[in-house]
Amino acid sequence: MNADPAQADPVFAAIKQHKVALRASKAASAESHRLMKLADEAVGERSIQVLDMREPSTPPGWHPFVTVNCWIDIETYVK
């Protein structure tokens, strides 16, 4: 039997699709990093301070500040 395993078993098909999606995700991430580096080189590094809202605050109502460089960082700390 010379059939492609992805055609014979849906698990193999899912694995194959995942590998394709992972390669695309890695390529998009690399391009994003390249563009951020290019922007930093053109105008200098930029960052802002935001509250780290990931954990309950101690004392209540207090959160530490963290430095972020892009909206992805902001989403990490402010969820």
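Residues numbered from 1 in each chain as written. Predicted model: local features only at pLDDT ≥ 70, side-chain atom pairs only at ≥ 80, totals over all residues. Heavy atoms only, no water.

Let us now look at the overall build of the chain. When helices and strands are tallied, the chain shows 3 helices and 2 strands. Going from N to C terminus, the chain has its helices and strands arranged as α-α-β-β-α. A burial count over the chain gives 11% of its 79 residues as buried. Nonlocal contacts in the chain, meaning residues at least 24 apart in sequence, comprise 23% of its contacts between residues at least 6 apart. (Helix = DSSP H or I, 4+ residues; strand = E, 2+ residues; numbered from the N terminus. Buried < 20%, exposed > 50% of the residue type's maximum accessible area, 1.4 Å probe, protein only. Contact = heavy atoms within 4.5 Å.)

For the rest of this paragraph, the subject is a nonpolar patch on the surface. On the surface, Leu51, Met53, Phe65 and Val78 cluster together into a nonpolar patch covering about 350 Å² of accessible area. Within the fold, phenylalanine 65 resides in strand β2 (residues 65-68). The exposed category is assigned to phenylalanine 65, whose relative accessible area is 55%. (Patch = residues over 30% accessible without salt bridge, like charges linked within 9 Å, V, L, I, M, F, W, Y side chains within 5 Å. Areas by Shrake-Rupley, 256 points an atom, 1.4 Å probe, with all protein chains shown as cover. Salt bridge = Lys/Arg side-chain N within 4 Å of Asp/Glu carboxyl O.)

Glancing now at helix α2 (residues 10-43). For α2, which comprises 34 residues, the first-to-last C-alpha distance of 49 Å matches the rise-based estimate of 50 Å (1.5 Å per residue) to within 8%. Backbone nitrogen of valine 11 and a side-chain oxygen of the N-cap are separated by 2.9 Å at the start of α2; the cap is aspartate 9. Trailing α2 by a residue or two, glycine 44 shows a phi angle of about 95 degrees, which is positive. (Expected span 1.5 Å × (residues − 1). Polar contact = N/O pair within 3.5 Å; in protein donor to acceptor, adjacent residues only side chain to side chain.)

Enumeration over the complete set of coordinates arrives at 1 salt bridge. With a closest N to O distance of 2.8 Å, glutamate 31 and arginine 34 form a salt bridge. Placement of both glutamate 31 and arginine 34 in helix α2 is noted, with a separation of 3 residues, approximately one turn of the helix. A relative accessible area of 35% places glutamate 31 in the partly exposed class.

The next subject is the confidence of the model for the chain. Confidence in the prediction of the chain, expressed as mean pLDDT, is 82, and 90% of residues score 70 or more. At the level of individual helices and strands, the chain shows its lowest average pLDDT in helix α1 (residues 5-8), which scores 67, and its highest in α2, which scores 92. (pLDDT = per-residue confidence, 0-100.)

With respect to the element layout, threonine 76 can be found in helix α3 (residues 71-78). Since its relative accessible area comes to 40%, threonine 76 is described here as partly exposed. Taking the C-alpha atoms as reference, threonine 76 lies 8.6 Å from aspartate 52; in sequence the two are 24 residues apart.

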